[in-house]
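Below are the chains, spelled out letter by letter.
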Amino acid sequence: MDKPERLSTAKILTANDLHSGGVVFATAHGDWSPFISQALLSDDAVTNERLETCGQHAVERQLVVEPFFIDVSIENGLPRAIRFREQLRVNGPSVQTAFSKPAFREVA
Amino acid sequence: MYSYDTFDKQLVDNRASQFRSQVVRRISGALNEDEFRPLRLMNGLYLEMHAYMLRIAIPYGGLSAPQMHMLGDIADKYDRGYGHFTTRQNIQFNWLELDRVPELLVDLAKVNMHAIQSSGNCIRNVTADPYAGATADEIADPRPTAELLRQWSSLHPEFAFLPRKFKIAVTGSSNDRAAIRVHDIGLQLVEDEAGSPGYKIFVGGGLGRTPMVGVVLCPFLPRDQLLAYLEATLRVYNLYGRRDNKYKARIKILTHELGIENFRNQVEAEFQSIKTTAPATGPWLSKIEDNFAVPPFEELPAVCKALDTLTTSNSAFARWVETNVCEHKVQGYAIANVSLKPIGGIAGDATSEQMHKLAHLADRFSLSEIRVTKNQNLVLPHVRQSDLGDLWHALQFDGLGEANSGMISDVVSCPGMDYCSLATARSIPISQQIARRFADPELQQKIGPVAIKISGCINACGHHHIGQIGILGLEKNGEEYYQIVLGGDDGEAAAIGKVSGRGFSKDDVVDAVERVIDTFLKLRTTGELFADAYRRFGTGPFKEALYETD
């Protein structure tokens, strides 16, 4: 069996939650998480296609709005958005640190 | 303040209920995003980077104390405890959930407020001089005209789908504090030689990617013909404005391409054909004027000893009076500017506590009135001079007493890439760094008034083109960089600033601004303002200072 075609840059699928408008990421379980640490990393065409299908289903089920891929690198085992705009989208506004978003779910 | 009637109340209630049904259909899947987007935008609801954002119109920038209290309640109940006042006299809430917006609109309607036409290709919130009805330098109060235009343009079926958005500003003064010459239409209340009231009409001003200063469409239009003339103007635009290219769709492009003479002739022809059938301005405007309650001003002495004493004994208060207080038309009163630019803060942001505090202060000191300015500050328009000391103390306590109105730390800034999906760079951190760099009150006083305005993209919501020092944030190879434009003016001598040259990195741009200011301080004559020095010297020495290391 042929190996899946490798992508030059790893990607994750992101969107805005329909209800909260918040930034969410497609996970390996086919659902959506506000934590980038739970995003399914795609570095091949097959995973990309799987994520695309996941995004399409989520749009049809009124879960998310306008899913799209972003390029990421891996730093300390976590995906990190490459473009600055996406870093802001992932982390929250740089000027209101109270509204910054953690990469992981915080333990209460 | 204008007293809304039952028709207005019904209109905003109906719209809130309509939007509730639209949201229910979106959530159920009966409407997809493509179908829902234009509906939410008609109600001022955007989906931005981190959440839904609602832009609420504040017609001609006027707020009553109960309205400000409601905005404070909304900030707590639906958002994260604050709101952002914009350069178009609106307020934006940045962290809303779709499901709760209908309920928010119902609350807003309780104080006759709404978000209708705060987005989309329609006539947007009509703006006006924030000192209207208070300043000694106006020939008439522009707010009845602005209210007339609000009523006329609200849900106007013919102008709901214009080629592009359409912005109107009104002033009653020859000192333009409403930036009328950079609006699609700017109206200046004037009188003819016989003293009859009318309007001087400017057309084709605007910022964005093709900034232009408006030109005179009509030097004097009798007051009673306003609606017919504007309807004719909008019709010509609606007919010939370009719909094939959104970047060429504003009326400024049409007037530029047709030439003002040709455009004026077409408006005139349309005006002649509709002037007897168009809505009559006179009776409508008179009724509105009747609904503007005259504030219950007291008879006060011409000289306020308490003010004189405190000004002499307290230098911080004296500085605030010098920068933030203006002359009122009624003896014994003053106009107080309230800065929403604490050093290092976010331009235009106010917390819910500050909103409630301002509402209380308006009740106590300003006949319950508040105004929002295009510079993202607030105004208490009717303060007894004898109350200025108490007001100042109260403002200090809540972080609202910065003595920087019009000064270098009073930086106008759009939300930029921290919040806005369209932005190409951040604006807020740059404005914060500039304010911190020039925070010293003595230094600010030495520099004098300077208007710095920052936009995070070419759409120019931060009005960078008309800043005396304008900064435009862009992106190049994934990095933020900033162009500096010099010599803009948003007043009666409106001018579009000139790009100084290559851009600066985010780490270098504040140093660059400082070099411009240092150059000004070296060149100026005693007491000369930055704007005057720039006119005298032109770009040359400033450009040289900016690129001295090249």
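Residues numbered from 1 in each chain as written. Chains lettered and ligands numbered in written order. Predicted model: local features only at pLDDT ≥ 70, side-chain atom pairs only at ≥ 80, totals over all residues. Heavy atoms only, no water.

Asks: I'd like a rundown of the sheet that holds strand S6 (residues 127–128) of chain B, residues and numbers included.
Replies: All names here are of chain B. Reading across the sheet, the five strands line up as S6-S7-S8-S9-S10 and stay open at both edges, with mixed pairing between neighbours. Each of the sheet's edge strands pairs with one partner strand only, and the pair in question is S6 and strand S10 (215–222). Strand direction decides the pairing type here: strand S8 (residues 185–191) and strand S9 (residues 197–203), joined by seven bridges, are antiparallel. Across the sheet, Glu-191 pairs through a bridge with Pro-197, a residue of S9. (Pairing = 2+ DSSP bridges. Helix = DSSP H or I, 4+ residues; strand = E, 2+ residues; numbered from the N terminus.)

Asks: Break down the interface of chain A and chain B for me, citing the residues and quoting the values.
Replies: Every contact between the two is made by 22 residues of chain A and, on the other side, 37 residues of chain B. Taken over both partners, the interface formed by chain A and chain B buries close to 2200 Å², and the fraction arising from carbon and sulfur atoms is 55%. Summed over the shared surface of chain A and chain B, the result is two salt bridges. We note a salt bridge from Glu-475 of chain B to Arg-83 of chain A, for which the minimum N-O separation is 3.2 Å. Where chain A meets chain B, there are 11 residue pairs in polar contact (both at pLDDT 80 or more). Put simply, the parts of the chain that give the side of chain A that touches chain B at least two residues each are strand S1 (6–17), strand S5 (64–75) and helix H2 (84–91) of chain A. Looking at side-chain class alone, the side of chain A that touches chain B contains eight nonpolar, nine polar and five charged residues. (Contact = heavy atoms within 4.5 Å. Buried area = accessible area lost by both parts, 1.4 Å probe. Salt bridge = Lys/Arg side-chain N within 4 Å of Asp/Glu carboxyl O. Polar contact = N/O pair within 3.5 Å; in protein donor to acceptor, adjacent residues only side chain to side chain. Nonpolar A, V, L, I, M, F, W, Y, C, P; charged D, E, K, R; others polar.)

Asks: Tell me about the sheet that holds strand S3 (residues 62–64) of chain B, residues and numbers included.
Replies: Residue and element names in this part refer to chain B. Judged by pairing direction, the sheet is antiparallel, and its five strands sit side by side in the order S3-S14-S15-S12-S11 without closing on themselves. In this open sheet, the two edge strands, each paired with only one partner strand, are S3 and strand S11 (325–327). The average undirected angle you get between the axes of adjacent strands in this sheet is 30°. Here two bridges tie strand S14 (residues 369–372) to strand S15 (residues 378–384), and the two strands are oriented antiparallel to one another. Paired with Val-372 across the strands is Leu-378, a residue of S15. (Axes fitted to C-alpha atoms, helices over the stretch in contact; angles between N-to-C directions.)

Asks: Break down unusual backbone geometry for me, citing the residues and quoting the values.
Replies: Phi at Asn-76 of chain A takes a positive value of approximately 50°, unusual for a residue other than glycine. The topology assignment puts Asn-76 of chain A in the loop between S5 and strand S6 (78–81). Classification of Asn-76 of chain A by relative accessible area gives exposed; the value is 82%. Look at Gln-89 of chain B: it is not a glycine, yet its phi comes out positive at around 60°. With respect to the helices and strands, the residue Gln-89 of chain B is situated in the loop between strand S4 (82–85) and strand S5 (90–96). Judged by relative accessible area, Gln-89 of chain B falls into the buried class, the value being 2%. (Buried < 20%, exposed > 50% of the residue type's maximum accessible area, 1.4 Å probe, protein only.)

Asks: Quick rundown of the pattern of salt bridges? Include the residues and the values.
Replies: Residue and element names in this part refer to chain B. The final tally for this structure, using the stated rule, is 41 salt bridges over all chains. Where Glu-369 meets Arg-143, a salt bridge forms, and the shortest distance between an N and an O atom there is 3.5 Å. Of this pair, Glu-369 sits in strand S14 while Arg-143 sits in helix H5 (residues 143–153), and the two are 226 residues apart along the sequence. Close ionic contact of Glu-158 with Arg-235 constitutes a salt bridge, the shortest N to O distance being 2.8 Å. Residue Glu-158 is found in the loop between H5 and strand S7 (168–171), and its partner Arg-235 is found in helix H6 (residues 226–240); the two are separated by 77 residues along the sequence. Look at Glu-158 and you get partly exposed, because its relative accessible area is 29%. You can call Arg-235 partly exposed: its relative accessible area is 28%.

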